[in-house]
Amino acid sequence: MKNVLRLCAESEVTEGAPFSVEIEGIPPLAVYRIDDEIYVTNRTCTHGDADLTEGFQEGGEIECPFHGGSFSIKTGEPVNLPCSKPLTTYPVKVIDGIVYIEKP
Ligand code: FES
């Protein structure tokens, strides 16, 4: 497949434990499971330099470990202050148990 990036195995991503992926040339990513679906966002909070994979996933939301702001994992929209800028999200494909996104 062209223009796709392999992130991880689907089995590495458990609900409530966002999985961190670093690939040279693009921002660090966070991979989440919500029920049976996989979602991918940028890993760094838009309010500061916090790693969201060290935050707290509550269903469809991720709470930042620094100041408690949160985002919708599915849309990237901020849900709680002090977060006000959306997180970048990526369309995901899972093929044969492997998680991919298109090259940003
Ligand atoms: Fe994430 Fe402040 S750095 S809420």
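Everything numeric in this text was worked out from a predicted model, so none of it was measured.

The rules behind these values
Residues numbered from 1 in each chain as written. Predicted model: local features only at pLDDT ≥ 70, side-chain atom pairs only at ≥ 80, totals over all residues. Buried ≥ 20, exposed ≤ 12 C-beta atoms within 10 Å, placed from the backbone. Helix = DSSP H or I, 4+ residues; strand = E, 2+ residues; numbered from the N terminus. Pairing = 2+ DSSP bridges. Axes fitted to C-alpha atoms, helices over the stretch in contact; angles between N-to-C directions.

## Description of the pairing of strand β3 (residues 29–34)
Piece 1. Summarising burial for β3: 5 of the 6 residues are buried, a large majority.
Piece 2. Bridge count for strand β2 (residues 19–21) against β3 is 3 bridges, and the pairing is antiparallel. Directly across from V21, in β3, lies its bridge partner L29.
Piece 3. Summarising the sheet, β3 and strand β4 (residues 37–42) pair through 6 bridges and their orientation is antiparallel. Directly across from A30, in β4, lies its bridge partner T41.
Piece 4. Between β3 and β4, which pair antiparallel in sequence order, lie 2 residues; one of them, D35, sits at a positive phi of approximately 55 degrees.

## With respect to the sheet that holds strand β1 (residues 4–9)
Piece 1. An order of β1-β11-β10 is seen for the 3 strands of this open sheet, with the pairing classed as antiparallel. Each end of this open sheet is capped by a strand with a single partner; those strands are β1 and β10 (92–95). On average, each strand axis in the sheet is inclined to that of its neighbour by 30 degrees, with strand direction left out of account.
Piece 2. Note: β10 against strand β11 (residues 98–102), 4 bridges, orientation antiparallel. Bridge pairing links K93 to Y100 in β11.

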